[in-house]
Structures are given as structure tokens and as C-alpha cells.
Amino acid sequence: MILLTLITPFMISRSHPNEKGSSLAAGGTVWTCLTRTLSIFSFVLLLKTGVAHGAKTDYIPCSESCNGGDVNYDLVASIRIMPMLNYTYKGRTYSSPSSSDETSTFMGPTMRVRPGQSLWIKLSNNMTEDIGPKPPTAQDYWAMLQNPGEHIKYQRYKRRVSDPSLMKVDEPNMPHGFDTTNLHLHGLDVQVHMFDPVGTHNPDAPHIGIKPGECYCYKFHVPDHHPGGMYWYHPHVHGSTAVQMWSGMIGLLYVEGPLEEELAHYGITNTQEFVIWDPAFKHVDKPTHNLEVDEFLMGQTTLSKVHPFLVNGVMNPTFEVHVGEVLHFRILCATIENENTFIVYPEGKEDQPWKESALPFWVIASDGVTFRKPRKKNIMVLSGGQREEVLLKFDQPGRYVISQQGIQGMQFFDMRGHPHDQILATIIVHDAANQNNVQTLSYPTIPISDMEFTPGYSEAEDIQAEDIAGSETIVFSMGANFDQTPFPQYYINGKAFDPDEAAFHAQPGEAREYTLINANHNAHPFHIHVNRFQVKEMGSELSVDTYPVLESVLDFDPHVWRDTYMVPPNGRTRIWVQYKNYTGKTVLHCHFLAHEDTGMMATLFIGKKDWVFRMREHIQWIVGCTLGVAMASIVFFSRQIGRQGESYSAVSMNELKSKVVD
């Protein structure tokens, strides 16, 4: 078959008739078209008969090991029954019943790796049991649209249709495949790993989608210069990400660096993880459990009956510290559909303005990148995917609370009660003078404001204006077509997600500017895979007088490196992205994951693409060529017949002339 593909053009070009004039032109057209058409179909047949089946993949038989790295992990996605809140919960999880740490009830194992090491992860999908929720259908969307229950201040330019069969369905962007999974290492500077195989340059490469009973071997190399810090992992199959994360499929990953040792040098040893999560649950009455993940449409609209903010899987957990001791929080905002604030109040004063009553804290790292000097704040607004490391020091004993508040109205079309205000955690501060273990406590050796740390990136690595190779605009918008599902529609640059369309391109090593535009009164956290950026400008048409927390959203530092950041409602965020040497097919998207699942994602291709044959790109040529061949054949053979008629007529006339002469 390979030989046929290679010699077909040569054979046909050598065999076309050697005619002159118009006959030669017609014959050349015929044979040229036949040559290319036959070559194309021979190539397609070649792919169909075996070459495509030999394509590289990182799927492995589950009986095989995946332990060739310096650090190796076996990660299992399964369905478990576990305690949750005051219920017995059954759902999808990375956790193992043999785990012993406090977060093992829902989070996966904590992974650790050092810069310069290879990291191999075997992901096994054991989610073989059929549990809810079921993916929503056009009927479900139609039924909900008859009485949405919430008022959306948005131009409704399409009327409701009278029957669900009349709904237009965007199948690729409908929520689906809730038991198919994969793995995303959020924030790490590693190989692109959304499409199979890891690091692929094939523009047609499919999403990694590990079905129940299948296994995948992820192979990464962490660069020598990788910043040490807090990262995390979660599933990222388009159409099922939100449901799986509402279920609790998340885990922490640390790239080890000098921060822990430097904190200890300053007398800071009380380090606690602080993982914020907003599951969407519903009550059920079943023999084995009474809590499950709610339907997608209920979670997306925050109408679920059990929809709290949890910290480390607990409602309002308690942390303890002593007067003068420094508490180090490693914060992950793992929310699926909500922003939240981090404000520290003396208990009972959380209703007062934070500018007047909130206690200050110091931020020492963001999104895994440590600062050289701490940054003092009294409020942070976090969105899904972001990480912050903060230091708190209390001068008075008592009870303090960490409050989520003030997001209502700003996040989604001025809806109040969405998301709700809530105490995230309580901190009990003991008087060290009354403690018997005062000798064992560790106190800071110098004021926090005077501390210095090894920065994840030096100031010399900041992106400069002259480094920018090009600028593009990325518009996040929402459609409200009542005759189309999913509803609402979520777009990037006016288009819903298409995995086969490379919407954005970049070259390794270059810096690019993106102006992120949010066209609606709707929050959108922006995340780009395996690359970091610096925020250079922000703005919003909304008023900080109406939404005071917006002032904190718009408070950015142009020197801080991020991998996730908010595009404010009716606003913009201008960023400079520094692309690394990792190349291939990846994505950028909104990190409100129900938005991403229903269209607000785009494919980004870094570097040079592999050449692939796409039949759809040749269809027009083949059809045109086929019609041309047919028409040319008709002309060619018609002329041949005409010539034969002319020849016979000439012979007859000569014979008549001979008879006359005789």
C-alpha cells in the first residue's frame, strides 16, 4: 500500500495520452485530477489499514506498571462511601480508604517532587459503578427554562421554543461522560498533557479520556529551575470536569523548595493547609448513603440544597495558635463555580467594614511562586485555581474568624445571596503565658515585614515591553439563546469550544500580550495551561461603591507571576504571558468549570504542528476536481468523435472526385 501511494502519481503522469491543443489541455486536466485524487484516496486507505493504529499513545494495560520516574505515584479514581458534613456521602474520588491524613476523606494523596526530577503518575479509572448524576439532556434544559427561578439581567434575544425537540443542541459542549476522567497538574511548568499522548504536536490529537477500566501513564519532567511551592491536580475532561470536582476529585502537589527551611529559620513552624471547596450536593434516601452530587443544572445555578464552602472538607474547622506565634496558611481555592474572600476578623465583628476591623496578614507566595518580601493585606478575593501562602500573627488571645463575604451581586448579574456569606474557619488564639508548653513554642526571630525569602523568579526575569512578540484580544461572553443548549452559552471570541480548531498560537520562548475582555456582568477566572503570566492592567465598568469588594479584585501587582487570575465583571485584564520551551497542543479557559464544560475554552498550540491529513480540508478540491474531470472527459471524447466524423467525410468526397474525373 505504501508503494502504491508513492508510485501512483508517477504511473498516471507517464500514461496520459500525448495529444496536442485543446485535447492535450483537457487530457492534462483529467489526468492531473485523477493523479491527485487517487493519491489522496490511497493515502487515506493507507491510514485506515494500519498506520493510524500504530500512533503513539500513553494509555497502558492496567496490568502494566508506570514507575520509571524519579518519583512515582499510583492514583486511582474510584467511587467511595465516606463521611461528609453530618451525612454519609457516596461519590467519585481520588482518595483511598487506607489514607491516614485528615483530608483523606475526600482528597487524593499529596504528591511531592523536587526540581529536576521526573514524575510518573499512573492513573487508573475504577469508577465502574453507575451512580448519579446523569448528564443533562435538551429536555432537562427546556424544562428548567420554563421557570428558571432566577432573574438574569441580560438581553434575551431568543424566545422560548414550544417543545424540547425544537432545541438546537451543541453536542460537543453538552455536559457528558461523568465517569470518564484524566489528570491536570494545575500550575506546573511541565509538558502539555490535555491531549493524547502527553506532549503531542498533532493538531487532531484527542482529549485524554480514561474510561472505566482503563489506565494511563503520565510522564513529566520538572525543570531544574522550577519554582518551589504549592500546586494541585484535578480532572479535566471537557464535559465532566465540574461534576467530578463537585464530587471532590482534587489533590495537592508540592514542588519542594527553600521556603519551608527559610520559614523555620525565622521561627515559623506552624504550617497548615487551607483548601476551600464548594461542593454541590443533594439529599438522597438510600440504604448505604444519604448524600450525593447534585444534578449539573442545579450545581451550575447554585440551586443545590447542600452547597456550602468547606475548608479541608469540614464546615468551619478550628485552627489553634498562640499569642506571638506565626501561623502559616497554605491556601488553595478549589472552588468550582464561586469566588470567595479571605478576611480575618475578631469573632463577632465580621459584619463591620474590613478596612476598619479586619486584621492584617502577609502574603509570601502566589500560585506557587514565592516573593522576596512579604506583602501586607487585609483582604484577598480568590477564584478557583488560585493558591496563596499567608502569615498571620495575633497579639491578643481570643477567637477570630476567616470570613467569606461581599461577593453577592458582583459575581453574577447582581444576584443577591449568590454566593452566600459564610464563616470559613475559626482560629483560637491562646495566651502563651498561661501554657505549660511555652518553652516548646516557636516565635518569629524578626518582624514579618523584615523577612526575606528566595524568590521563585528574580526581578530580572520580569517580562519587558520589548519582549512582546504580538498582542491578541480574548473575549469571554455569554449567550442567552433560549432555543439552544447548553443554556446559557459560553464563548471565547464568539465561539464555543472546538478541540480541532487551534484558536491561538504561540512560539516557545516568546512573550505575548493578551487583553482579556469580560463582556458581561459575570466573573471569569482565566487559566492558561503550563505557562505563567504577569498582570499589567485591570479595570471594570462596575462601581466599587456598589461592590466594595471589587476594589480588592482590581488590586494587582505587575511583578507577581500567576497561572490563574480574575477577569472582572464588565471589565478587562491585560496580561503578558511568557511561553516556556514546552510545545504542543493545550488549552486556555475560564476556571469556573461549568462555564468551561459548556464552551468557554479554546485550544492553544505552542510551536510547530505535525502534518496531518484532514479529509475535510480536501473535500472541496476533490468535488471540484471530480466535476472538472467529468466535464473535461465529455469535451475530450466529444471532440474525438467529431474528428472521426470529419475523417470519414473527407474520404467519401475524394472518392466522388475520382469518379467525376474518370
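Residues numbered from 1 in each chain as written. Predicted model: local features only at pLDDT ≥ 70, side-chain atom pairs only at ≥ 80, totals over all residues. Heavy atoms only, no water.

Asker: Help me out: how do you make sense of the sheet that holds strand β27 (residues 502–506) in this one?
Answerer: Pairing between sheet strands relies on hydrogen bonds along the backbone, with the strands arranged either parallel or antiparallel. Pairing is mixed in the open sheet, where 5 strands are placed in the order β27-β35-β34-β29-β32. Of all strands in the sheet, those with a lone pairing partner are β27 and β32 (564–567), marking the two edges. Each adjacent strand pair in this sheet contributes to an overall mean axis angle of 30°, direction not counted. (Pairing = 2+ DSSP bridges. Helix = DSSP H or I, 4+ residues; strand = E, 2+ residues; numbered from the N terminus. Axes fitted to C-alpha atoms, helices over the stretch in contact; angles between N-to-C directions.)

Asker: How should unusual backbone geometry be read in this particular structure?
Answerer: With glycine set apart, most residues show a phi of negative sign, and most peptide bonds adopt trans. Cis geometry is found at the peptide bond from aspartate 196 to proline 197, where omega equals -5°. Position of proline 197 relative to the elements: it lies in the loop between β7 (184–186) and β8 (215–221). Cis geometry marks the peptide bond from phenylalanine 487 to proline 488, where omega comes out at -10°. Within the secondary structure, proline 488 sits in the loop between β25 (484–485) and β26 (489–492). Residues other than glycine seldom take positive phi values, yet threonine 302 does so here, at roughly 55°. With respect to the helices, strands and loops of the structure, threonine 302 is situated in the loop between α6 (296–300) and β14 (310–311).

Asker: Explanation requested: the pattern of salt bridges in the structure shown.
Answerer: Oppositely charged side chains can pair when the atoms bearing their charge come close. In total, this model carries 28 salt bridges according to the counting rule given. A salt bridge links aspartate 130 to lysine 134, with the shortest nitrogen-to-oxygen separation between them at 3.1 Å. A relative accessible area of 59% means that aspartate 130 is categorised as exposed. Of the residues examined, lysine 134 reaches a relative accessible area of 49% and is grouped as partly exposed. Between arginine 372 and glutamate 452 there is a salt bridge, with the nearest N and O atoms lying 3.5 Å from each other. Of this pair, arginine 372 sits in strand β19 (residues 369–377) while glutamate 452 sits in the loop between β23 (422–430) and β24 (468–479), and the two are 80 residues apart along the sequence. Among the residues examined, arginine 372 registers a relative accessible area of 40% and is labelled partly exposed. Here the salt bridges share partners, and the residues they tie into one network are Asp367, Arg387, Glu388, Arg562 and Asp563. (Salt bridge = Lys/Arg side-chain N within 4 Å of Asp/Glu carboxyl O. Buried < 20%, exposed > 50% of the residue type's maximum accessible area, 1.4 Å probe, protein only.)

Asker: How should the sheet that holds β14 be read in this particular structure?
Answerer: If you walk across this open sheet you meet the 6 strands as β14-β11-β16-β21-β18-β19, and the pairing is mixed. Here the strands that pair on one side only, and so sit at the sheet edges, are β14 and β19. Relative to strand β21 (residues 387–393), strand β18 (residues 361–366) is paired through 4 bridges, and the arrangement is antiparallel. Along β21, the bridge assignment pairs alanine 365 with glutamate 389.

Asker: When you look at the state of the cysteines in this model, what are you seeing that I'm missing?
Answerer: The bond known as a disulfide is covalent and runs between the sulfur atoms of two cysteines. Within this structure, the stated rule accounts for 2 disulfides. Sulfur-sulfur distance for the disulfide between cysteine 62 and cysteine 215 comes to 2.0 Å. Across the S-S bond linking cysteine 62 and cysteine 215, the dihedral sits near 110°, which makes this disulfide right-handed. Of this pair, cysteine 62 sits in the loop between β1 (59–60) and β2 (71–84) while cysteine 215 sits in strand β8, and the two are 153 residues apart along the sequence. (Disulfide = S-S within 2.5 Å.)

Asker: I keep staring at the pairing of strand β16 (residues 326–333) and nothing clicks. Help me out?
Answerer: Side-chain positions along a regular strand alternate between the two faces of the sheet. Of all 8 residues in β16, 8 are buried; the element is thus mostly enclosed. Burial along β16 is two-sided: the residues Val326, His328, Arg330 and Leu332 and Leu327, Phe329, Ile331 and Cys333 are all buried. As judged from the 7 bridges shared by strand β11 (residues 270–277) and β16, these two strands associate in the parallel manner. Bridge pairing in β16 links valine 275 to leucine 332. As paired strands, β16 and β21 are joined by 7 bridges and run antiparallel to one another. In the strand pairing of β21, histidine 328 is matched with leucine 391.

Asker: Any chance you could explain the nonpolar core here in plain terms?
Answerer: For soluble globular proteins, the rule of thumb is that nonpolar side chains tend to be buried together. Among the nonpolar cores identified, the biggest contains 44 residues, and Ile474, Phe476 and Phe526 are the most heavily contacted of them. If you look at the next biggest cluster of nonpolar residues, it comprises 40 residues, including Tyr254, Trp277, Leu291 and Leu310. (Core = buried A, V, L, I, M, F, W, Y, C linked by side-chain atoms within 4.5 Å.)

Asker: Would you mind going over the side chain of threonine 335 with me for this structure?
Answerer: You can see threonine 335 is positioned in the loop between β16 and β17 (340–346). Its relative accessible area of 0% is what places threonine 335 among the buried residues. A polar contact of 3.4 Å, which involves the side chain of threonine 335, links it to the backbone nitrogen of glycine 384. With near-sequence residues (within four places) excluded, threonine 335 lies in contact with Ile276, Asp278, Phe309, Asn340, Ser383 and Gly384. (Polar contact = N/O pair within 3.5 Å; in protein donor to acceptor, adjacent residues only side chain to side chain. Contact = heavy atoms within 4.5 Å.)

Asker: Help me understand the packing of aromatic side chains in this model?
Answerer: The geometry of two aromatic rings is summed up by the distance between their centres and the angle between their planes. One pass over the structure, following the stated rule, counts 21 aromatic pairs. Arranged with centres 4.7 Å apart and planes meeting at 50°, the rings of tyrosine 216 and tyrosine 218 form a pair that is tilted. Here tyrosine 216 matches tyrosine 218 in class, with each residue buried. Where phenylalanine 526 meets phenylalanine 533, the ring centres are 5.8 Å apart and the plane angle is 55°; that geometry is what we call tilted. Taken as a pair, phenylalanine 526 and phenylalanine 533 share a single burial class, namely buried. (Phe/Tyr/Trp six-rings, centres within 6.5 Å; stacked < 30°, edge-to-face > 60°.)

Asker: Can you walk me through the environment of glutamine 578 in this structure?
Answerer: You can see glutamine 578 is positioned in strand β33 (residues 571–578). Considering only alpha carbons, one finds glutamine 578 and glutamate 461, 117 residues apart in sequence, at a separation of 9.8 Å. With sequence-adjacent residues up to four places away left out, glutamine 578 is seen in contact with Ile463, Gly509, Glu510, Ala511, Asn531, Arg532 and Trp561. Looking at glutamine 578, its side chain comes within polar contact range of the main-chain oxygen of glycine 509, at 3.1 Å.

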